[in-house]
Structure formats: C-alpha cells, structure tokens
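Results of the structural survey
This is what each chain is made of:
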Amino acid sequence: QVQLVESGGGLVQAGGSLRLSCAASGRTFSPYVMVWFRQAPGKEREFVASITWSGGNTYYAGSVKGRFTISRDNAKNTVYLQMNSLKPEDTAVYYCAASTGWVPWGASRGAYDYWGQGTQVTVSS
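Residues numbered from 1 in each chain as written. Predicted model: local features only at pLDDT ≥ 70, side-chain atom pairs only at ≥ 80, totals over all residues. Heavy atoms only, no water.

1. A word on unusual backbone geometry
The backbone of Asn77 sits at a positive phi, close to 50°, despite the residue not being glycine. Along the polypeptide, Asn77 turns up in the loop between strand S7 (68–73) and strand S8 (78–83). Phi at Ser85 takes a positive value of approximately 50°, unusual for a residue other than glycine. Its place among the elements puts Ser85 in the loop between S8 and strand S9 (92–99). (Helix = DSSP H or I, 4+ residues; strand = E, 2+ residues; numbered from the N terminus.)

This is the structure in structure tokens:
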C-alpha cells in the first residue's frame, strides 16, 4: 500500500510564497503521474498541477499557471509545489495524489489511486 504525506502548508500574506511537499512511502512506488488538487470551503476539489513521474512533463490549471511550479525528486519519492505570488483565493486544503496508470491531463479526482491527507494553506489579504 502506498501512503502520501503532504507538508509545508501554513499561513502567509498575499504576495508571499510557500513550498508544499508530498512524500510517498510503502511498496515500490512508480506512478505514472503525480498531481496536486485543492479544496476551498464549500467548493469542489479542483485540479492544480500535475507532473509525469518518468519524463517530468507538467501541466497547470489556468488559475495558477505562471505562479506555481510542480517538480519531483524521484530518488526521494517526493513531489513539490512551489507557490509564489499567493492570493487570498488560493486559500484551501491542498492534496497530492498519484495515478499508477495513464490519465489525461487535468483529470478529475476520481482518476487517481492514492491520496494524501491534505495540508492547509491560508493566504491573508
């Protein structure tokens, strides 16, 4: 069984930065893609960014493109989300997830096999 554990969330002022981490543990970990989602209070969980584990190809939601950067360290089984120029509307619980098979870019939450427990990001104005 694979476990995903997020860290790095917190409170930051608008315009600030945070870096989230998602560490995978368990059996041999070799996903097809790792992703970040977020869920604000009263809203649906939405796709943020994804990265293929092998090739490192990335894809972003339009709302974060140019501000957020997803990366991975295969040796550490860890994926990161660098968040810059944060806005109050970025406030949400951020989740990482993994799919063992191919999924289309920006696939909805049902496409992924493993999820972390989430980490809170709060951006004050």
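2. Things to note about the environment of Leu86
Relative to the helices and strands, Leu86 resides in the loop between S8 and S9. With a relative accessible area of 2%, Leu86 lands in the buried category. Separated by 36 residues in the primary sequence, Leu86 and Ser50 have C-alpha atoms spaced 19 Å apart. Sequence-distant contacts of Leu86, that is, excluding residues within four places in its chain, are made with Val12, Ala14, Gly15, Gly16, Ser17, Leu18, Arg67, Phe68 and Val123. (Buried < 20%, exposed > 50% of the residue type's maximum accessible area, 1.4 Å probe, protein only. Contact = heavy atoms within 4.5 Å.)

3. Let's talk about the packing of aromatic side chains
One pass over the full model with this rule turns up eight aromatic pairs. Ring plane angle 90° and centroid distance 6.1 Å describe the contact between Tyr112 and Trp115, whose orientation is recorded as edge-to-face. Judged by relative accessible area, which is 7%, Tyr112 ranks as buried. By relative accessible area, which is 26% here, Trp115 ends up partly exposed. Linked through ring pairs, Phe37, Phe47, Tyr59, Tyr95, Trp105, Tyr112 and Trp115 together constitute an aromatic cluster. Above the plane of the ring of Tyr80 lies Arg19, whose end atom (NZ or CZ) is 4.2 Å from the centre. (Phe/Tyr/Trp six-rings, centres within 6.5 Å; stacked < 30°, edge-to-face > 60°. Lys NZ or Arg CZ within 6 Å of the ring centre and 35° of its normal.)

4. Focus: the nonpolar core
Within the largest apolar cluster, 39 residues are counted, with the highest numbers of intra-cluster contacts made by Leu4, Met34, Trp36, Leu81, Met83 and Tyr94. Those elements that provide at least two residues to this core are strand S1 (2–7), strand S3 (18–26), strand S4 (33–39), strand S5 (46–52), S7, S8, S9 and strand S11 (119–124). (Core = buried A, V, L, I, M, F, W, Y, C linked by side-chain atoms within 4.5 Å.)

5. Focus: the state of the cysteines
Note: disulfide means a covalent bond formed between the sulfur atoms of two cysteine side chains. A full pass over the atoms with the stated rule returns one disulfide. There is a disulfide in this structure between Cys22 and Cys96, and the S-S distance comes to 1.9 Å. Disulfide Cys22-Cys96: torsion about the S-S bond near 50°, hence right-handed. Taken together, the positions of Cys22 in strand S3 and Cys96 in strand S9 put the pair 74 residues apart, joining distant regions of the chain. (Disulfide = S-S within 2.5 Å.)

6. Observations regarding the sheet that holds S7
One open sheet holds the four strands; their spatial order is S1-S3-S8-S7, and the pairing between them is antiparallel. The open sheet has two edge strands with one neighbour each: S1 and S7. Strand-to-strand, the axes of this sheet are offset by a mean angle of 15°, without reference to chain direction. In this sheet, S8 lies alongside S7 in antiparallel orientation, the contact comprising six bridges. (Pairing = 2+ DSSP bridges. Axes fitted to C-alpha atoms, helices over the stretch in contact; angles between N-to-C directions.)

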